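# What the coordinates show
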Amino acid sequence: DPEGRRHGAAIPNGVLQVQVGGGPQLWICVRDGALTAHKGRHPEPRAVLGFRDLKAAHAMLSGSTDTYTSVGLGEMEIRGFVPMIEHLNPVLNLVSRYLV
């Protein structure tokens with residue numbers, strides 16, 4: 001997807017941990033615009049994107065809520081090197097397109 005590649009190229013290098021409370025965890029290694037996903041927990045992520053539960057993760061990925069609302073309601077947490085997450089958000093917004 002050209003749009004996904006363009007947004008992915010803007011994500012700074014490093015490891016981004018994505019986790020769901022009581023659910024799955026994965027980490028994304030970003031290197032020069034290429035993203036690779038791995039199951040589990042990374043010992044030293046540069047940034048962490050966490051969802052309170054699967055319902056909160058689904059709401060974000062399906063496009064039924066946005067980042068600001070999710071953070072404000074405590075359904076999503078961001079910490080670490082925030083620019084990684086900021087640049088990942090446009091990629092996450094594309095997910096709802098792929099799910100239909």
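A few points on the structure. Fair warning: this is a prediction, and the values are worked out from it, not measured in the lab.

Taken together, five strands build an open sheet; the order of strands is S3-S2-S1-S4-S5 and the sheet is mixed. Taken across any chain shown, the strands that pair with only one partner, and hence form the sheet edges, are strand S3 (34-39) and strand S5 (76-80). In this sheet, neighbouring strand axes are inclined to one another by 15° on average, regardless of whether the strands run parallel or antiparallel. Note that strand S2 (residues 25-31) and S3 share six bridges and pair antiparallel. Pairing of Leu-26 across the sheet is with Lys-39, part of S3.

Formed by 18 residues in total, the largest nonpolar core has its most connected members in Leu-16, Leu-49, Phe-51, Met-84 and Leu-88. The dominant element in this core, judged by the number of residues it contributes, is helix H4 (residues 82-99), at five residues. Setting aside anything within four residues of it in sequence, one finds Phe-51 in contact with Val-18, Gln-19, Val-20, Gly-21, Ala-56, Ala-57, Met-60, Glu-75 and Met-76.

The next thing to look at is helix H1 (residues 2-9). Where H1 is concerned, the buried positions are Gly-4, His-7 and Gly-8. Buried residues in H1, looked at end-on, bunch into an arc of 100°, giving them a common side. Exposed residues on H1 whose side chains face more than 90 degrees from its buried face are Pro-2, Arg-5, Arg-6 and Ala-9.

With that settled, consider helix H2 (residues 54-62). Buried residues of H2: Ala-56, Ala-57, Ala-59 and Met-60, and no others. One side of H2 holds all its buried residues, which, seen down the axis, span an arc of 160°. In H2, the exposed positions that point more than 90 degrees away from the buried face belong to Leu-54, Lys-55 and His-58. Contact partners of the buried residues in H2: strand S1 (14-20), strand S4 (47-51), helix H3 (67-72) and S5. The N-cap residue of H2 is Asp-53: its side-chain oxygen and the backbone nitrogen of Lys-55 are 3.3 Å apart. Just past H2, the residue Gly-63 takes up positive phi, approximately 85°.

A word on the packing of aromatic side chains. Tallying each qualifying case throughout the model produces zero aromatic pairs. In this arrangement the basic side chain of Arg-46 is found over the ring face of Phe-81, its NZ or CZ atom lying 3.9 Å from the centre.

This paragraph deals with the environment of Val-48. As for its placement among the helices and strands, Val-48 is situated in strand S4. Counting along the chain gives 36 residues from Val-48 to Met-84, while the straight-line C-alpha distance between them is 9.1 Å. Residue contacts for Val-48: discarding those within four places in its chain leaves Leu-16, Gln-17, Gln-19, Glu-77, Ile-78, Arg-79 and Ile-85.

Right, let's talk about the pattern of salt bridges for a bit. Throughout the structure, instances matching the rule amount to three salt bridges. Where Glu-75 meets Arg-52, a salt bridge forms, and the shortest distance between an N and an O atom there is 3.4 Å. Taken together, the residues Glu-75 in the loop between H3 and S5 and Arg-52 in the loop between S4 and H2 connect sequence positions 23 residues apart. Residue classification places Arg-52 among the partly exposed residues on the basis of a relative accessible area of 46%. The partner of Glu-77 in a salt bridge is Arg-79, with the nearest N and O atoms 3.2 Å apart. Take Arg-79: its relative accessible area is 40%, and that puts it in the partly exposed class. One connected set of salt bridges, linked through shared partners, spans Arg-52, Asp-53 and Glu-75.

Definitions and limits used
Residues numbered from 1 in each chain as written. Predicted model: local features only at pLDDT ≥ 70, side-chain atom pairs only at ≥ 80, totals over all residues. Heavy atoms only, no water. Pairing = 2+ DSSP bridges. Helix = DSSP H or I, 4+ residues; strand = E, 2+ residues; numbered from the N terminus. Axes fitted to C-alpha atoms, helices over the stretch in contact; angles between N-to-C directions. Core = buried A, V, L, I, M, F, W, Y, C linked by side-chain atoms within 4.5 Å. Buried < 20%, exposed > 50% of the residue type's maximum accessible area, 1.4 Å probe, protein only. Contact = heavy atoms within 4.5 Å. Arc of directions from axis to C-beta. Polar contact = N/O pair within 3.5 Å; in protein donor to acceptor, adjacent residues only side chain to side chain. Phe/Tyr/Trp six-rings, centres within 6.5 Å; stacked < 30°, edge-to-face > 60°. Lys NZ or Arg CZ within 6 Å of the ring centre and 35° of its normal. Salt bridge = Lys/Arg side-chain N within 4 Å of Asp/Glu carboxyl O.

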